[in-house]
Amino acid sequence: MAYLKKALLQAHELAEKIVRPGDAVIDATMGNGHDTLFMADLVGEAGRVYAFDIQESAVAKTRERIEKAGFTSRCHLIHDGHQNMDLYVKEPVKLIIYNLGYLPGGDHNIGTRAETTIAAVEKSLSLISNDGLVIIVIYHGGDSGFEERDALLSYLISLDCKKYSVMKTDFINQINCPPILIAIEKNLKD
Ligand SMILES: C[S@@+](CC[C@H](N)C(=O)[O-])C[C@H]1O[C@@H](n2cnc3c(N)ncnc32)[C@H](O)[C@@H]1O
């Protein structure tokens, strides 16, 4: 039994804690659709999942996955970059999940990029509800490199601590750069 879970599992545990049936949520990086499916299950029939990816193949794979599960009507699969999320999402959302990096089994060159990721995270902070959460799983090292991680962390560290709490969790003694978990919530005035 491992008490210390990997970043993605920790992300899912947080999601399970905060998402309720009927909520609207965003999967900012659809990929093979695992997170879209997971979120679609959490929001239930009355909820909505807005999912984004720049690759048509990711959208097609995800469509297949959610159709099989019978979740089609609660999912909006959007073939566009997450940096444009505000053009499609016109309601507050409870949770936004980013799973950065490249599509497993796909082209390692078509990964997320610092500039567009930061633009999207900035928009995410406007879109989450007061009781919402932004979760980012940062993959780094290997083909992902370190540029996106470093730029994103610099941006996150600069966020006004009166407005936001930003948490970073990582394993500090492991090889192969295990992913880093980031969670951001709004600080509400009493
Ligand atoms: C690590 S994968 C996501 C894995 C996915 N969550 C899953 O469950 O399979 C990262 C994805 O981000 C996508 N991506 C890259 N840049 C993007 C952008 N600007 N907007 C949305 N998706 C992007 C890639 O095409 C890739 O499919």
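Located above this text is the structure these notes cover.
Since the model is a prediction, treat every value here as computed from it, not as a measurement.

Undergrad: Looking at this model, I keep getting lost on the site of the ligand. Mind explaining?
TA: Near the ligand there are 22 residues, and of these Thr29, Gly31, Asn32, His34 and Gly81 occur at the shortest range. Looking at the shell around the ligand residue by residue, the class counts come to six nonpolar, 14 polar and two charged.

Undergrad: Help me understand the pairing of strand β7 (residues 180-186), please; the structure alone is not making it clear to me.
TA: Remark: a regular strand shows side chains that alternate across the two faces of the sheet. With five bridges joining them, strand β5 (residues 128-138) and β7 adopt antiparallel strand pairing. In the sheet register, Ile136 faces β7, and the bridge partner there is Ile182. Pairing between strand β6 (residues 164-169) and β7: six bridges, direction antiparallel. Counterpart to Tyr164 in the pairing with β7 is Lys186.

Undergrad: Just to check I follow, could you spell out the sheet that holds strand β1 (residues 24-27) for this structure?
TA: Sheet strands associate in pairs through backbone hydrogen bonding, adopting either a parallel or an antiparallel arrangement. If you trace the seven strands from one edge of the open sheet to the other, you get β3-β2-β1-β4-β5-β7-β6, paired in mixed fashion. Since the sheet does not close on itself, it has two edges, and those belong to β3 (75-78) and β6, each with one partner. Each neighbouring strand pair of the sheet contributes to a mean axis angle of 15°, computed without reference to strand direction. As judged from the four bridges shared by strand β2 (residues 48-52) and β3, these two strands associate in the parallel manner. Each bridged residue has a counterpart across the sheet, and for Val49 the counterpart in β3 is Cys75. Seen against the sheet, helix α5 (residues 114-127) touches β4 (93-99), β5 and β6 and runs at an angle of roughly 155° to β5.

Undergrad: Please explain the packing of helix α2 (residues 34-43) against helix α3 (residues 56-69) as it appears in this structure.
TA: For any two helices packed against each other, one specifies the inter-axial angle together with the distance between the axes. Between α2 and α3, the shortest axis-to-axis distance is 9 Å and the interhelical angle comes to 30°. When the axes of α2 and α3 are compared, the crossing they make is right-handed. Contacts from Thr36, Leu37 and Ala40 in α2 reach Thr62, Arg65, Ile66 and Ala69 in α3. Taken together, the residues that form the contact of α2 with α3 break down as four nonpolar, two polar and one charged.

Undergrad: Would you take a moment to explain the packing of α5 against helix α6 (residues 147-157) for this structure?
TA: At a closest axis distance of 9 Å, the pairing of α5 and α6 adopts a crossing angle of 30°. By the angle class used here, α5 and α6 are roughly parallel. Crossing of α5 over α6 shows right-handed handedness. From α5, Ala114, Thr117 and Ile118 reach across to α6, where they touch Glu147, Glu148, Ala151, Leu152 and Tyr155. Here the contact of α5 with α6 is composed, by residue class, of five nonpolar, one polar and two charged.

The rules behind the values
Residues numbered from 1 in each chain as written. Predicted model: local features only at pLDDT ≥ 70, side-chain atom pairs only at ≥ 80, totals over all residues. Near = placed C-beta within 6 Å. Nonpolar A, V, L, I, M, F, W, Y, C, P; charged D, E, K, R; others polar. Pairing = 2+ DSSP bridges. Helix = DSSP H or I, 4+ residues; strand = E, 2+ residues; numbered from the N terminus. Axes fitted to C-alpha atoms, helices over the stretch in contact; angles between N-to-C directions. Contact = placed C-beta atoms within 7 Å. Left-handed = near helix turned anticlockwise from the far one by under 90°. Parallel < 35°, antiparallel > 145°, perpendicular 65-115°, else oblique.

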